[in-house]
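What the coordinates show
If you want the building blocks of each chain, they are given just below.
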Amino acid sequence: MKRDFIRDILENSRQYENREVVLGGWIRSLRDSKAFAFMDLSDGSSFTGVQVVLERSRLPEYDSVVRYQVGAAVVVRGVVLLTPDAKQPLEIHAAAVELEGSSTPDYPLQKKRHTVEFLRQIAYLRPRTNLFSAVFRVRSETAYAIHQFFHDRGFVYVHTPIITASDCEGAGETFRITTLDVENPPRTAEEKVDWSRDFFGIGANLTVSGQLEGETFAQAFGKIYTFGPTFRAENSNTARHAAEFWMIEPEIAFADLSDDMALAWDMVQYIVRHVLQQCAAEIAFLNQFVDQTLLCRLEALSSSACQQVTYTDAVALLEGRGHTFQYPVAWGRDLQTEHERYLTEEVFHGPVFVTDYPKEIKSFYMRMNADQKTVAAMDLLVPGVGEIIGGSQREERLDVLRFRMQECGLDEADYAWYVNLRRWGSTRHAGFGLGFERMVMYLTGVSNIRDVIPYPRTAGSAPY
Ligand code: 4AD
Ligand code: MG
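In this text the structure is predicted, and so the values were computed from the model without any measurement.

1. What to know about helix 10 (residues 311-320)
For helix 10, the complete set of buried residues consists of Tyr-311, Ala-314, Val-315 and Leu-318. Summarising the axial view, the buried residues of helix 10 lie within an arc of 100°, below the 170-degree limit, and thus occupy one face. Residue Gly-322 follows helix 10 closely and has a positive phi angle near 65°.

And the structure:
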């Protein structure tokens, strides 16, 4: 079927003036006032729909059309009329309306406001609402902006494996993959599960990060990035943790922690500017209905320098505030979400990089600082969300890396290829991971990660 799209008509309305168009869309609402009826039609091509005007005297099928239910799919043939004095810039005067797929009076998305909790239960219908139409359009544009950012800067896009035998973060939060009979797996002489008889001949899991493999490609291409699904069996039921999420992981050779932060900030600003430009209608809607500080916050970010504080100074600042936190603050303990949010929201009033964390609370691959106590790590914290980026300079010195692996209880044999990278042309290098959903939360003001993922997977929940 030859179809016109609302987006094109709205963007080039002069060209379409008085022309006949064919639209395929879904009825958002339908009002019958005897001689005329008004149909709010959405075809998915743009955040806003169009008003279709039906005139009883001109449309033979008028009486059946006004009985169509909200949610029904229709094909409308009609003429574009510009309406510069009305609320909407144009309308479609229908010459023919065909029913493509009917709906029923119990269609769950009648024209009224629904809670996000209710909409989560009908995740297969929620993209048809204004809120989720805005969120998922922003999500799509954000992905595009990220690829464009790295591509324009000469980064090579690498597809790191989703199935892996290593645990990059060493946190033991991996999902095991197996074809063994879970009721009765083969066992070794020591009565342990015999993974050597599993599909891959080794215990395998879903990746928690593509970083280690990404590092190997950075030592060939100089600058690379990954953008792929990531899986973590974190049993934390929070508004910002998902078991399946997407991560963007750039890795740059001949670079240190400050190069890494400069790249991260450059990328975040680029994404924000792109979304402000490409999703103006969506952001305006979200600013009105979800978070009234959104537009201000994004505009401020797109033109400001980022702040920076060391972990040690951040802990001192938090201690000095005399604020009571649920989890106590002390040097050597990891920052909890409440601490991160207090820092970015109450102390720095904007995004801030926290750097140089104690080695005990960070991963084995982070570069040891001269003080022998902290590592060259950075987290980017933003208001409303907390950590959206975690990164570091990597330990490129063979002896220090081996020492750290031992300290962290890792078996060097499991990471021989990673260690070997330090034997042959090892360079200073650094990288980070951006949590894609956390970025989308920041860009939309949506406060629960379940509402920026089409079909969220969280502890205890994986419907669809
Ligand atoms: O801080 P993380 O654990 O860092 C890494 O995985 C490094 N290997 C990245 C690197 O240096 N290449 O995770 C990176 C980001 C976090 O800052 C957060 O935004 C997001 O990934 N993230 C999650 N997002 C949603 N749900 C979860 N369970 C997440 N865990 C981490
Ligand atoms: Mg982190």
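2. Comments concerning the sheet that holds strand 3 (residues 50-55)
Here five strands make up a closed barrel; going around it, the order is 1-2-3-5-4 and the pairing mixed. Strand-to-strand twist of the sheet, defined as the mean angle between neighbouring strand axes without regard to direction, takes the value 55°. Pairing between strand 2 (residues 36-42) and strand 3: six bridges, direction antiparallel. The partner of Ala-37 across the bridge, within strand 3, is Leu-54.

3. Some remarks on the site of ligand 1
The immediate surroundings of ligand 1 are formed by 25 residues, with Glu-169, Gln-211, Glu-234, Glu-249 and Glu-387 found nearest. One nitrogen or oxygen atom from the side chain of Gln-211 is found 2.7 Å from a nitrogen atom belonging to ligand 1. At 2.7 Å, a side-chain N or O of Glu-234 approaches a nitrogen atom of ligand 1. Notes on ligand 1: free accessible area 630 Å², of which the protein chains cover 93%. Where the shell around ligand 1 is concerned, the elements lending two or more residues are strand 11 (244-253), strand 15 (386-393) and strand 16 (429-435).

4. Some remarks on the packing of helix 5 (residues 130-152) against helix 7 (residues 257-278)
Two elements in contact, helix 5 and helix 7, have axes separated by 9 Å at closest approach and are oriented at 135°. In terms of axis orientation, helix 5 runs oblique to helix 7. Along this stretch, helix 5 crosses helix 7, giving a crossing that reads as right-handed. Contact residues: Val-138, Glu-141, Thr-142, Tyr-144, Ala-145, Ile-146, Gln-148, Phe-149, Phe-150 and Asp-152 in helix 5; Leu-263, Asp-266, Met-267, Tyr-270, Ile-271, His-274, Val-275 and Gln-278 in helix 7. For the contact of helix 5 with helix 7, the per-class residue count stands at eleven nonpolar, four polar and three charged.

5. Details of the nonpolar core
One finds Ile-389 and Leu-434 to be the most contacted residues of the largest nonpolar core, which totals 65 residues. With sequence-adjacent residues up to four places away left out, Leu-434 is seen in contact with Ile-146, Trp-246, Met-247, Ile-248, Met-267, Ile-271, Ile-388, Ile-389 and Met-439.

6. A short note on the pairing of strand 1 (residues 20-33)
In terms of strand pairing, strand 1 meets strand 4 (residues 73-82) through seven bridges, oriented antiparallel. Considered in strand 4, the bridge of Trp-26 is made with Ala-73.

7. Thoughts on a nonpolar patch on the surface
A surface patch of nonpolar side chains, about 480 Å² in accessible area, is lined by Ile-162, Ile-163, Phe-199, Phe-200 and Ile-202. With respect to the helices and strands, Ile-162 occurs in the loop between strand 6 (156-157) and strand 7 (163-164). In this structure Ile-162 comes out as partly exposed when scored by relative accessible area, which is 37%.

8. What about the environment of His-274?
Here His-274 shows up in helix 7. For His-274, a relative accessible area of 10% corresponds to the buried category. In the structure, His-274 is positioned 129 residues away from Phe-403 in sequence and 44 Å away in space, judged by C-alpha atoms. The residues touching His-274, leaving out its near neighbours within four places in the chain, are Glu-141, Tyr-144, Ala-145 and Gln-148.

9. Points about empty space enclosed by the protein
This model, assessed by the stated rule, comprises two cavities of 30 Å³ or more. What lines the largest cavity is simply Arg-232, Glu-234, Ser-236, His-241, Ala-242, Ala-243, Thr-458 and Ala-459. Split into classes, the residues belonging to the lining of the largest cavity amount to three nonpolar, three polar and two charged. If you trace the second largest cavity, you find it lined by Thr-164, Ser-166, Cys-168, Thr-207, Val-208, Ser-209, Leu-212 and Glu-213. Of the residues contributing to the lining of the second largest cavity, the split by class is three nonpolar, four polar and one charged.

Here is what the cut-offs are and how they apply
- Residues numbered from 1 in each chain as written.
- Chains lettered and ligands numbered in written order.
- Predicted model: local features only at pLDDT ≥ 70, side-chain atom pairs only at ≥ 80, totals over all residues.
- Heavy atoms only, no water.
- Buried < 20%, exposed > 50% of the residue type's maximum accessible area, 1.4 Å probe, protein only.
- Helix = DSSP H or I, 4+ residues; strand = E, 2+ residues; numbered from the N terminus.
- Arc of directions from axis to C-beta.
- Pairing = 2+ DSSP bridges.
- Axes fitted to C-alpha atoms, helices over the stretch in contact; angles between N-to-C directions.
- Near = heavy atom within 4 Å.
- Polar contact = N/O pair within 3.5 Å; in protein donor to acceptor, adjacent residues only side chain to side chain.
- Areas by Shrake-Rupley, 256 points an atom, 1.4 Å probe, with all protein chains shown as cover.
- Parallel < 35°, antiparallel > 145°, perpendicular 65-115°, else oblique.
- Left-handed = near helix turned anticlockwise from the far one by under 90°.
- Contact = heavy atoms within 4.5 Å.
- Nonpolar A, V, L, I, M, F, W, Y, C, P; charged D, E, K, R; others polar.
- Core = buried A, V, L, I, M, F, W, Y, C linked by side-chain atoms within 4.5 Å.
- Patch = residues over 30% accessible without salt bridge, like charges linked within 9 Å, V, L, I, M, F, W, Y side chains within 5 Å.
- Salt bridge = Lys/Arg side-chain N within 4 Å of Asp/Glu carboxyl O.
- 1 Å grid on protein atoms, 1.4 Å probe; cavity = no way out; pocket = protein on both sides within 12 Å on 5 of 7 lines; lining within 4 Å.
- Points joined across faces, edges and corners; volume = space filled by probe spheres on them.

By themselves these figures say nothing about function.
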